[in-house]
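Summary of structural features
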Amino acid sequence: MSKYRLDYLDELEAEAIYILREVAGQFEKPALLFSGGKDSITLVHLALKAFRPGKFPFPLVHIDTGHNFEETITYRDEMVARIGEKLIIGHVQDSINEGKVIEQKGKNASRNALQTVTLLDTIAQHQFDACIGGARRDEEKARAKERIFSVRDEFGQWDPKRQRPELWDIYNGKIHKGENVRVFPISNWTELDVWNYIRRENIPLPTIYFAHQRDCITRNGQLMAASPFLNMDADDRIENKNVRFRTVGDMTCTAAVESYAFEIDDIINEIASSKISERGARMDDKVSEAAMEDRKKGGYF
Amino acid sequence: MDILKFITAGSVDDGKSTLIGRLLYDSEAILADQLEALHASNRKNDDGSIDLAILTDGLKAEREQGITIDVAYKYFETDKRKFIIADAPGHIQYTRNMVTGASNAALAIILIDARKGVVEQTTRHSFLVSLLQIPQVVVAVNKMDMVDFDQAVFDQIVADYKVLASKVGLDNITYIPISALKGDNIVFSSSNITWYKGNSLLQHLENVEITIDDSSARARLPIQWVVRPQTDELHDYRGYAGRVSSGSFRINDQVTVLPSGFSSTISKIELYDKQPDEALAGMSVTVHLQDNIDISRGDIIVNSAGQPQVSKAIEADLCWMDTRPLDTSLTYLVQHNTKTIRCKIQEIIYKVNINTLEKDFADEFKLNDIGRIVIKIAEPLAFDPYQVNKANGGAILIDSRTNLTVGALMLRQSVE
């Protein structure tokens, strides 16, 4: 027996490719949930490695809140054109127009919570039986216990008490009609792993990940991008700052951090020495200690 | 840098969550906002210090009951290694969770309370570690501060444990006296335990050698997916995609496809834009064969010189994981590698009392029961004995009524 060990990025990559191929092998109509964020961009790159020179055995699905950073949409469309794969878009605006959800009011209004409905409708409409997502276990403590194949009932709900045991690397994707499985190929990656992988593989990213000048306001101690989607009042003071975003979500709930990290090496140094974890910059988790668990049970990604 | 996956076996009372919290806290793997939440929590230790166990509690129900129910995964790294901790509950009613966490671990930390010594649950945890074939074991004797850091207490526990270890068949054991609450020998060497000259727990985790069998005789590639672009320029392209589960393949290796038994040679190995000469255990690759033979998902490519057993009747160890008991009249599904086939449990040979290790005759198998059975499978399965090659010897049972994973199988030998 030799003492060779795979480098950690090779091991994480091999595991993610293995999981993606299991999805292809086990499901009839899978989809890859693409948010435009670095984690789902990494998934697309891994899918290229898993299936090229063949086509992806699934489309990309973007749930569009309509409150996106413009840079994300530009990136998305360029990427889809480059790789030549199919993109399906579910619009939160459609759910609002159909009266399925009601737009929130007030200062902290966000479409973030509404997108769950649009996602579930999109899944139902296309009859997806597996949705691949870029969630990682290090993001949040409810996620730390989620399986790689995570079964959702027909209401999209996650039941943390009824999770299937997941042994070795055998993933049980058997489901009843109406159920679907959320699959998380990069469960075992940390934020820094993703960044190191993006650097190693030279994967292009939307520009908002890098430091730039932007008009911001301070809300609940966090920096938010000033935009027409953010309900502002006289108390809000706009300041131009050097910022970047650590996650890419809806403009109304994704906080910026002040940063001078213009290159990926700067970002990796910044994160390595950082003292705020990634979801700390997402206002939607701040509501209560059990916020993520509640939203996952309700069918959030 | 490589990754070490390990499991911690012990119950809340042994200070398991405190141990993990301490590892994360002292190795500075806790970020500012998590730390803030930790300090803001109402849970404190008796002396008013922060309760590090909160770091590993995940779900609301668990916080309410104050116990760890499920397996939680935690991540941290040092300059030497990256670590993934599977934090599994220790109580007997959560045996299946521990089996789940143990299935992927390369190392197990067995916690013993210095005041209590080797107890019933130590036997149970050690048996499971042995059953799941975790290659490295650390026996961490915790709460040394409660016994005045007394060497005699530690030595006695080590002596007692050695008896147990030989009974369950464990070797590669390292013994470390610790106090998770006070931080002795967790990250830093203890100034209270001067008689102990070995590594702290973290130093040990950083340096312990984990070997991988990369012999070609053990080469196994379960096929997940056949890549067939079917475009004009790639008309004849047929690549067999999968992850090498054990051993290694090289170009020109003579291989056999099972269960069909057809042979060929490896003509090309691909990983996206690279064409490596060899594929080692753990790598996800696409291989090409010289001959055009019919291969699909569920088949396994092996080195012709080192073939696994192929059988439709296999003796195996079984851990039952469902609240519905095993029904020997029922048809289940067995999932092994990328193959899922109908099966029946033909015979229960015995059940193990995992607290005493006694083997009992049994005609029923309930949640958390472990024992030996014979499984009869509708089609032949190409497997290695779990004891010899974990990667090709583990399988799960699925109840086709509920689709739940109801059993873990450690395959042993063909009984055809």
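What you are looking at is a predicted structure, and each value in this text was computed from that prediction instead of being measured. (Residues numbered from 1 in each chain as written. Chains lettered and ligands numbered in written order. Predicted model: local features only at pLDDT ≥ 70, side-chain atom pairs only at ≥ 80, totals over all residues. Heavy atoms only, no water.)

Residues and elements named next belong to chain A. Using the criterion set out here, one finds 39 salt bridges over all chains in the structure. Residue Asp121 is joined to Lys100 by a salt bridge in which the shortest nitrogen-to-oxygen separation is 3.2 Å. Taken together, the residues span a long stretch of sequence, with Asp121 in helix H5 (residues 115-126) and Lys100 in the loop between helix H4 (92-97) and H5 at a distance of 21 residues. Measuring nitrogen to oxygen at the nearest pair gives 2.9 Å for the salt bridge that ties Glu191 to Arg246. Taken together, the positions of Glu191 in helix H6 (residues 191-201) and Arg246 in the loop between strand S9 (239-245) and strand S10 (255-258) put the pair 55 residues apart, joining distant regions of the chain. Taken together, the salt bridges that share partners define one network made up of Asp10, Glu13, Lys49, Arg200 and Glu201. (Salt bridge = Lys/Arg side-chain N within 4 Å of Asp/Glu carboxyl O. Helix = DSSP H or I, 4+ residues; strand = E, 2+ residues; numbered from the N terminus.)

All names here are of chain B. Relative to the helices and strands, Tyr161 resides in helix H6 (residues 151-168). A residue is classified by how much of its surface remains accessible, and Tyr161, at 0% relative accessible area, is buried. Taking the C-alpha atoms as reference points, Tyr161 and Gly117, 44 residues apart in sequence, are found 8.8 Å from one another. Aside from chain neighbours lying at most four places away, what touches Tyr161 is Ile110, Ile112, Val118, Thr122, Ser126, Val139, Leu170, Ile173 and Tyr175. (Buried < 20%, exposed > 50% of the residue type's maximum accessible area, 1.4 Å probe, protein only. Contact = heavy atoms within 4.5 Å.)

All names here are of chain B. Within the secondary structure layout, Gly247 lies in the loop between strand S9 (239-243) and strand S10 (248-250). Separated by 34 residues in the primary sequence, Gly247 and Ala281 have C-alpha atoms spaced 5.3 Å apart. With residues near it in sequence (within four places) discarded, Gly247 still touches Asp213, Asp214, Ser215, Arg218, Ala219, Ala279, Leu280 and Ala281.

Let us now look at the sheet that holds strand S5 (residues 149-152) of chain A. Residue and element names in this part refer to chain A. Taking strand neighbours across the sheet as the criterion, the six strands line up as S3-S2-S1-S4-S6-S5 in an open arrangement whose pairing is mixed. Only two strands of the sheet have a single partner each, and these edge strands are strand S3 (87-91) and S5. Averaged over all adjacent pairs, the angle separating strand axes in this sheet is 30 degrees, with direction ignored. (Pairing = 2+ DSSP bridges. Axes fitted to C-alpha atoms, helices over the stretch in contact; angles between N-to-C directions.)

Before going further, it helps to examine the confidence of the model for chain A. Summarising the model, chain A shows a mean pLDDT of 85, and 88% of its residues fall at 70 or more. Note on residues 282-289 of chain A: pLDDT is under 50 here. Beyond four places in sequence and across chains, it has 24 contacts. (pLDDT = per-residue confidence, 0-100.)

Attention now goes to the environment of B:Ile266. Residues and elements named next belong to chain B. With respect to the element layout, Ile266 can be found in strand S12 (residues 262-270). By relative accessible area, Ile266 is classed as buried at 1%. Spatially, the C-alpha atom of Ile266 lies 5.0 Å from that of Asn252, the residues being 14 residues apart in sequence. Once you skip the residues sitting within four places of it in the chain, Ile266 turns out to touch Phe249, Arg250, Ile251, Asn252, Asp253, Val255, His288 and Leu289.

The subject of this paragraph is the pairing of strand S21 (residues 394-398) of chain B. All names here are of chain B. Of all the five residues making up S21, five are buried; the element is thus mostly covered by neighbouring parts of the structure. Neither face of S21 is exposed, since Gly394, Ile396 and Ile398 on one face and Ala395 and Leu397 on the opposite face are all buried. Here strand S17 (residues 332-336) runs beside S21; their pairing, made up of three bridges, is antiparallel. The residue of S21 that forms the bridge with Leu333 is Ile398. In this structure, S21 lies alongside strand S22 (residues 405-414), joined through five bridges in antiparallel fashion. Residue pairing for S22: Ile396 is matched across the bridge by Ala408. In textbook terms, the turn of a hairpin is the stretch between consecutive antiparallel strands, and for S21 and S22 this stretch comprises six residues, one of which, Asn403, has a positive phi near 65 degrees.

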